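Listed below are the residues making up each chain.
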Amino acid sequence: MTSSPPATPVVEGWFTDGAEPALIAARCTACGDLVFPPTAAAACRNPRCAGEEHEAVALSRRGRVWSCTDAQYQPPAPYVAPQTEGEPWRPFALAAVELPEGLVVLGQVADGFGVGDLRVDSEVELVVEVLHVDESGPRTTYRWKPVAS
Amino acid sequence: MTSSPPATPVVEGWFTDGAEPALIAARCTACGDLVFPPTAAAACRNPRCAGEEHEAVALSRRGRVWSCTDAQYQPPAPYVAPQTEGEPWRPFALAAVELPEGLVVLGQVADGFGVGDLRVDSEVELVVEVLHVDESGPRTTYRWKPVAS
Amino acid sequence: MSGVSGRSGVVVAGVGMHPWGKWGRSFVEYGVHAARRALADAGVAWADVDLVVGGETVRNGYAGYVAGSTFAQALGWNGARVATSYAACATGAQAIDTARARILAGLSDVALVVGADTTPKGFLKPNAGERWDDPDWLRFRVLGMTNPMYFALYARRRMDLYGATSEDFAAVKVKNARHGLANDNARYRKEVSVEDVLASAVVSDPLHLLDICATSDGAAAVVLVSDACAARLGLADPVRVAAVSTVTPTYPQAVIDMPLLATDSTAAVAAGERTFKESIGAAAYEEAGIGPEDVDVAEVYDLSTALELDWMEDLGLCARGEAESLLRAGETTIGGRIPVNPSGGLACFGEAVPAQAIAQVCELAWQLRGQATGRQVEGARVGVTANQGLFGHGSSVVLVR
Amino acid sequence: MSGVSGRSGVVVAGVGMHPWGKWGRSFVEYGVHAARRALADAGVAWADVDLVVGGETVRNGYAGYVAGSTFAQALGWNGARVATSYAACATGAQAIDTARARILAGLSDVALVVGADTTPKGFLKPNAGERWDDPDWLRFRVLGMTNPMYFALYARRRMDLYGATSEDFAAVKVKNARHGLANDNARYRKEVSVEDVLASAVVSDPLHLLDICATSDGAAAVVLVSDACAARLGLADPVRVAAVSTVTPTYPQAVIDMPLLATDSTAAVAAGERTFKESIGAAAYEEAGIGPEDVDVAEVYDLSTALELDWMEDLGLCARGEAESLLRAGETTIGGRIPVNPSGGLACFGEAVPAQAIAQVCELAWQLRGQATGRQVEGARVGVTANQGLFGHGSSVVLVR
Ligand SMILES: [Zn+2]
Ligand SMILES: [Zn+2]
């Protein structure tokens with residue numbers, strides 16, 4: 001009997017998992033500026049800051065929809081479809097979400113929800129779900145889930 | 001019994017085959033300018049000519065070496081090695097050859113000859129040989145062969 | 001120059017295009033065709049051109065990377081200076097800016113600017129390979145985020161904030177389709193109804209297939225000359241380049257921009273007064289010494305129908321949230337107060353990245369000369385273009401006569 | 001300005017590099033490092049830069065295609081104008097020319113020009129895909145023709161025509177290796193002997209591995225400013241850009257040029273008096289109002305050792321066929337009549353395409369300021385660079401002080 005491989009994040013270091021997952025930003029140690037995705041930038045993105053060091057910080061788990069849409073046709077590669085072969089591809093929704101820290105982050109919308117469940121300014125919360133399965137096993141990603149109001 | 005596929009030129013229209021193979025150039029019908037390879041250029045390459053039509057003409061089969069060299073390491077893709085799998089790759093020579101029509105054409109040197117058989121100004125003649133074998137069968141190319149003097 | 005005080009010194013002596021379409025030939029052929037048209041229009045011999053600037057295409061091998069020299073070689077090496085510019089969809093305007101600067105500097109006298117492209121079917125997508133540090137690759141891999149999805153985000157926001165409807169978006173398409181009917185260089189020359197648009201498949205909610213521009217093969221070229229050369233050519237009352245804006249954003253860029261996965265944050269620096277797209281037009285107006293109220297005609301980058309409405313506001317042609325009112329009142333149609341996309345826009349052309357911003361300038365040149373047969377904006381003397389590119393590239397060009 | 005009458009108006013206010021090597025990091029990081037060095041050298045704050053010109057890299061995803069805006073974003077969006085140039089190995093000089101023109105035109109005051117690259121191991125090769133109309137793809141597929149094979153053709157011709165020997169080529173490497181010993185930005189800082197070169201494997205006859213430059217990661221940046229800005233910065237007796245040559249060939253180009261499979265023909269038009277490479281330097285000298293006899297120091301593109309000898313003649317630093325004599329007499333070593341590649345050249349740096357022509361300008365700036373510690377050409381006041389690119393791209397820059 002072979003055990004299935006454990007799920008791993010599609011990109012390392014972008015979000016935490018567990019009961020209360022959160023996005024990880026890079027914070028400039030000099031000016032406090034925040035960058036997501038937390039790419040290992042050599043320089044601070046603030047043009048008047050000479051900072052060159054960043055630390056990882058978690059962002060707020062809840063934000064408000066800046067706008068949303070969906071993909072009704074399958075995107076081209078390097079997109080990897082989540083379904084197994086033979087199954088039809090299913091549309092997914094996507095939201096741009098404004099966080100209290102003052103940045104807007106794009107993310108897919110949680111499984112089972114669509115644009116009908118969202119409008120500009122409605123509240124969403126971060127969840128972690130499986131994005132697709134590749135040769136290393138299930139790959140997880142962060143997603144926005146509508147908060148029941 | 002399957003018959004082996006016939007040899008075809010690696011690029012269509014660059015050279016003729018047979019007993020006296022020759023390179024094919026595109027000649028501007030307006031000014032007589034010659035272009036090799038005979039790409040279907042919309043415009044004449046002569047900056048003072050407005051010609052837009054070209055006809056195919058054969059170039060001289062003999063020319064003189066402008067310079068030569070060889071490849072002692074296997075070139076990267078899209079180069080396709082000629083040997084079958086498992087066989088070692090063998091270096092090949094290459095010559096830049098000045099034709100009486102006033103252009104210099106690069107070409108591999110015929111099988112069995114190397115830079116030691118050539119020097120600047122020595123005479124060579126066009127031959128057609130197999131370059132490599134791909135999914136459509138043997139692919140031929142033009143090559144320069146030293147003329148015994 | 002209708003009272004406009006803009007920077008002078010660069011004249012649009014000739015313009016030309018290769019018709020947009022799906023022709024299946026090389027971008028070089030399209031570019032040479034457009035270049036020869038522009039040279040003929042200017043009455044300039046190729047041998048007299050002293051600068052060639054190419055708009056780069058990144059989907060056509062090495063020849064596309066060095067488009068300037070590729071066109072120079074195809075036209076026949078004439079010893080001219082050469083440059084190649086790239087700036088995503090703003091490429092053509094950058095190429096124009098490079099040519100303009102050399103003319104204003106006294107380094108060139110007669111410049112040929114050419115952009116040409118062939119484009120694949122379907123969604124534009126990154127080149128092959130795995131690049132985990134490339135945002136343009138990551139947005140597909142991690143989010144499945146195509147270009148139309150960005151356009152759809154902006155469209156949906158217009159609906160929720162300003163009450164725009166799918167019928168409004170469709171009305172932009174109807175207008176542009178009608179504008180393009182008489183344009184020989186347009187790919188689509190057919191009337192379209194609101195019902196046609198609404199009946200087409202939804203690509204990314206709320207945008208339908210007919211709300212989104214296609215990708216096309218095409219080319220456009222302009223010949224820019226110095227005042228001295230314009231005088232030699234006997235050009236009286238010519239069209240002039242009054243401004244070329246190629247500004248970058250000012251930190252923090254607080255509006256999500258293709259192909260990024262997030263905006264900058266306002267954690268350390270507050271957002272500025274103007275959005276990036278507003279600053280593009282503002283810089284053009286400032287350089288030209290005019291304001292939006294002086295504009296007679298606009299060519300804007302309608303990658304989607306809804307984006308045309310955004311651009312009208314970004315360019316100050318109306319207040320924020322009022323584009324739909326203008327559209328509904330017919331003010332953006334030829335004959336209205338401020339006709340937008342009299343060429344038919346991307347709706348009729350489809351997108352050909354490095355050619356598009358140059359094509360906008362071609363259209364304005366024809367409009368300002370009164371040569372836009374069948375789609376003329378009467379008496380137009382001041383025109384503005386706008387387009388947007390990825391990664392902080394946008395452009396705006398002001399032409400005056 | 002030592003009697004030189006060249007075009008003025010553009011001052012080299014600051015220069016900087018990221019050391020060359022194989023660092024395994026992003027080109028953006030290298031570029032930002034070099035940019036910050038150049039800004040610090042100039043005493044200019046990033047927020048005051050009003051133009052960023054990037055040298056494009058075509059091997060680093062979309063961010064590389066739009067290098068100008070990538071660097072602008074990484075340094076922090078400051079609203080500056082932006083441009084990105086590509087011209088194969090001449091990319092850096094094209095970027096400098098674009099910045100210079102905007103300054104001379106009065107459109108910009110403080111320009112930052114940056115080039116950076118990461119490079120794969122082994123032969124440079126085309127991007128993936130089949131492109132039967134792309135000469136750069138065809139030369140590999142049909143001929144197996146790598147870059148070193150072009151260099152080898154030129155080298156072999158020098159041997160057969162002028163009596164050059166493998167020892168001569170090796171002597172160029174020995175000289176440049178010695179020049180680069182004290183250069184902190186060089187990748188290789190080690191003495192090499194003629195025997196070392198001759199003992200290294202033959203790559204393409206007659207060139208050995210040590211005759212051919214490696215490929216490197218690296219970055220270089222310059223800050224160019226207007227005269228008015230130079231005065232504000234208090235720059236007395238600064239280094240100036242006297243010329244930037246980016247000419248294309250004149251038809252017919254009768255010398256085989258990478259990546260083409262054949263030369264133009266002389267069937268319709270006779271070959272001109274000058275070769276393409278000769279015309280590159282000639283245009284630079286003409287623009288600067290000087291001749292080769294005025295040059296104190298040269299940085300030339302030694303993709304191979306033999307090419308350095310070609311360039312000396314192409315630039316008119318000696319008569320055709322006489323480069324070996326100068327080399328043997330030690331005249332091209334620091335301390336000789338006309339030192340060539342005091343930086344160590346590509347022999348010590350390796351090639352980093354969009355950075356290289358900018359790096360040449362950095363070295364000349366240090367030389368002309370007398371700051372090239374350990375490799376100073378005493379009293380140098382006039383320097384020239386030369387490089388060559390694919391597809392009719394070459395460049396030459398003249399700096400004077
Ligand atoms: Zn900071
Ligand atoms: Zn002709």
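The preceding data block contains the structure.
Conventions used here
Residues numbered from 1 in each chain as written. Chains lettered and ligands numbered in written order. Predicted model: local features only at pLDDT ≥ 70, side-chain atom pairs only at ≥ 80, totals over all residues. Heavy atoms only, no water. Helix = DSSP H or I, 4+ residues; strand = E, 2+ residues; numbered from the N terminus. Contact = heavy atoms within 4.5 Å. Areas by Shrake-Rupley, 256 points an atom, 1.4 Å probe, with all protein chains shown as cover. Lys, Arg positive; Asp, Glu negative; His and termini not counted. Charge placed at Lys NZ, Arg CZ, Asp CG, Glu CD. Buried area = accessible area lost by both parts, 1.4 Å probe. Salt bridge = Lys/Arg side-chain N within 4 Å of Asp/Glu carboxyl O. Polar contact = N/O pair within 3.5 Å; in protein donor to acceptor, adjacent residues only side chain to side chain. Nonpolar A, V, L, I, M, F, W, Y, C, P; charged D, E, K, R; others polar. Axes fitted to C-alpha atoms, helices over the stretch in contact; angles between N-to-C directions. Parallel < 35°, antiparallel > 145°, perpendicular 65-115°, else oblique. Left-handed = near helix turned anticlockwise from the far one by under 90°. Donors = N, O, S within 2.8 Å, 3.2 Å for Na, K, Ca; no water. Tetrahedral: all angles 85-135°; square planar, octahedral: opposite > 155°, others 65-115°. Buried < 20%, exposed > 50% of the residue type's maximum accessible area, 1.4 Å probe, protein only. Pairing = 2+ DSSP bridges. Least-squares fit on C-alpha atoms with pLDDT ≥ 70 in both.

Trainee: Break down the overall build of chain A for me, citing the residues and quoting the values.
Mentor: When helices and strands are tallied, chain A shows 0 helices and 9 strands. Reading the helices (α) and strands (β) of chain A from amino to carboxyl end gives β-β-β-β-β-β-β-β-β. For the C-alpha atoms alone, the extent of chain A along its principal axes is close to 55 × 40 × 30 Å. Summarising the internal contacts of chain A: among those between residues at least 6 apart in sequence, 54% fall at separations of at least 24. On chain A, roughly 7,200 Å² of surface is accessible, and the fraction owed to carbon and sulfur atoms is 49%. Of the charged side chains in chain A, 11 are positive and 20 negative, and the gap between their average positions amounts to 5 Å.

Trainee: Residues and numbers for the arrangement of the chains, please.
Mentor: Sorting the 5 pairs of chains in contact by contact count puts chains C and D at the top. One finds no contact between chain A and chain B; the C-alpha atoms of the two approach each other to within 23 Å at their closest.

Trainee: Quick rundown of the interface of chain C and chain A? Include the residues and the values.
Mentor: With 40 residues of chain C at the contact, the number on the chain A side is 46 residues. Where chain C abuts chain A, roughly 3,600 Å² becomes buried across the two surfaces, and 65% of that area is made up of carbon and sulfur atoms. Taken together, chain C and chain A are joined by 0 salt bridges. Counting across the interface, chain C meets chain A through 16 residue pairs in polar contact (both at pLDDT 80 or more). Put simply, the parts of the chain that give the side of chain C that touches chain A at least two residues each are α5 (135-143), α6 (147-162) and β5 (202-204) of chain C. Top contributing element to the side of chain C that touches chain A by residue count: α6 of chain C, with 9 residues. When the residues that make up the side of chain C that touches chain A are grouped by side-chain class, the tally is 27 nonpolar, 6 polar and 7 charged.

Trainee: Before we move on, could you go through the packing of helix α6 (residues 147-162) of chain D against helix α11 (residues 305-314) of chain D and cite the residues and values that matter?
Mentor: Residue and element names in this part refer to chain D. The interhelical angle for the contact between α6 and α11, taken along N-to-C directions, is 70°, at an axis separation of 9 Å. In terms of orientation, α6 and α11 fall into the roughly perpendicular class. When the axes of α6 and α11 are compared, the crossing they make is left-handed. Residues F151, Y154, A155, R158 and Y162 of α6 form the contact with α11, whose own contacting residues are A306, L307, L309, D310 and E313. Residue classes in the contact of α6 with α11 are distributed as 7 nonpolar, no polar and 3 charged.

Trainee: So what about the coordination of the zinc ion (ligand 2)? Which residues, and what values?
Mentor: Residue and element names in this part refer to chain B. Taken together, the protein donors to the zinc ion (ligand 2) comprise C28 (SG), C31 (SG), C44 (SG) and C49 (SG), at separations of 2.3 to 2.4 Å. Classification of the site at the zinc ion (ligand 2) as tetrahedral follows from its 4 donor atoms and the range of 103 to 115° in their angles at the metal. Mapping the donors of the zinc ion (ligand 2) onto the primary sequence yields the spacing C-x2-C-x12-C-x4-C. Of this pair, C31 sits in the loop between β2 (24-28) and β3 (34-35) while C44 sits in the loop between β3 and β4 (54-58); the two residues are 13 residues apart in sequence, bridging distant segments of the chain.

Trainee: Let's hear about the coordination of the zinc ion (ligand 1): which residues, and what values?
Mentor: Ideal values for angles at a metal depend on the geometry: 109.5 degrees with four tetrahedral donors, 90 or 180 degrees with six octahedral donors. Residue and element names in this part refer to chain A. Coordination of the zinc ion (ligand 1) by the protein involves C28 (SG), C31 (SG), C44 (SG) and C49 (SG), with metal-donor separations of 2.3 to 2.4 Å. Bound by 4 donor atoms, the zinc ion (ligand 1) shows angles of 103 to 115° at the metal and therefore tetrahedral coordination geometry. Spacing between the donor residues of the zinc ion (ligand 1) along their common chain follows C-x2-C-x12-C-x4-C. For the pair shown, C44 and C49 are each scored as buried.

Trainee: Can you break down unusual backbone geometry residue by residue, with the values?
Mentor: Of note, the amide linkage connecting A77 of chain A to P78 of chain A takes the cis form, showing an omega dihedral of 15°. Within the secondary structure, P78 of chain A is located in the loop between β5 (62-71) and β6 (92-99). For the peptide bond that leads from Y251 of chain C to P252 of chain C, omega is -5°, which places it in the cis range. Here P252 of chain C lies in the loop between β8 (239-245) and α10 (276-288). Here the phi dihedral of N341 of chain C falls at roughly 55°; this positive angle occurs in a residue that is not glycine. In this fold, N341 of chain C is placed in the loop between α12 (323-328) and α13 (345-349). Overall, the relative accessible area of 0% leaves N341 of chain C in the buried class.

Trainee: I'd like a rundown of the pattern of salt bridges, residues and numbers included.
Mentor: Pairing is possible between side chains that carry opposite charge, provided their charged atoms lie close to one another. Summed over all chains, the structure comprises 72 salt bridges over all chains. The partner of D97 of chain C in a salt bridge is R102 of chain D, with the nearest N and O atoms 2.7 Å apart. Of this pair, D97 of chain C sits in helix α4 (residues 91-104) while R102 of chain D sits in helix α4 (residues 91-104), which puts the two residues in different chains. With respect to class, D97 of chain C is no different from R102 of chain D; both count as buried. For D134 of chain C, the salt bridge identified is with R131 of chain C, shortest N-O distance 2.9 Å. Comparing D134 of chain C with R131 of chain C, the two get one shared label, buried.

Trainee: A description of the pairing of strand β8 (residues 123-134) of chain A should follow, citing residues and the corresponding values.
Mentor: All names here are of chain A. Here 3 bridges tie β5 to β8, and the two strands are oriented antiparallel to one another. Directly across from G63, in β8, lies its bridge partner V124. Pairing of β8 with strand β9 (residues 137-146) involves 10 bridges; the strand directions are antiparallel. From the neighbouring strand, V124 faces β9, where its bridge partner is P146. Linking β8 to β9, which pair antiparallel, is a turn of 2 residues.

Trainee: Break down the relation of the copies chain D and chain C for me, citing the residues and quoting the values.
Mentor: Aligned on chain C, chain D shows an RMSD of 0.0 Å; the corresponding rotation is 180° and the shift along the axis is 0.0 Å. Here the transformation between the copies is reduced to the relation of a two-fold axis. Of the C-alpha atoms belonging to chain D, the one lying closest to the rotation axis is found on A105 of chain D, 2.1 Å away. Here 100% of the contact residues of chain D are again contact residues in chain C; the copies associate through an equivalent surface.

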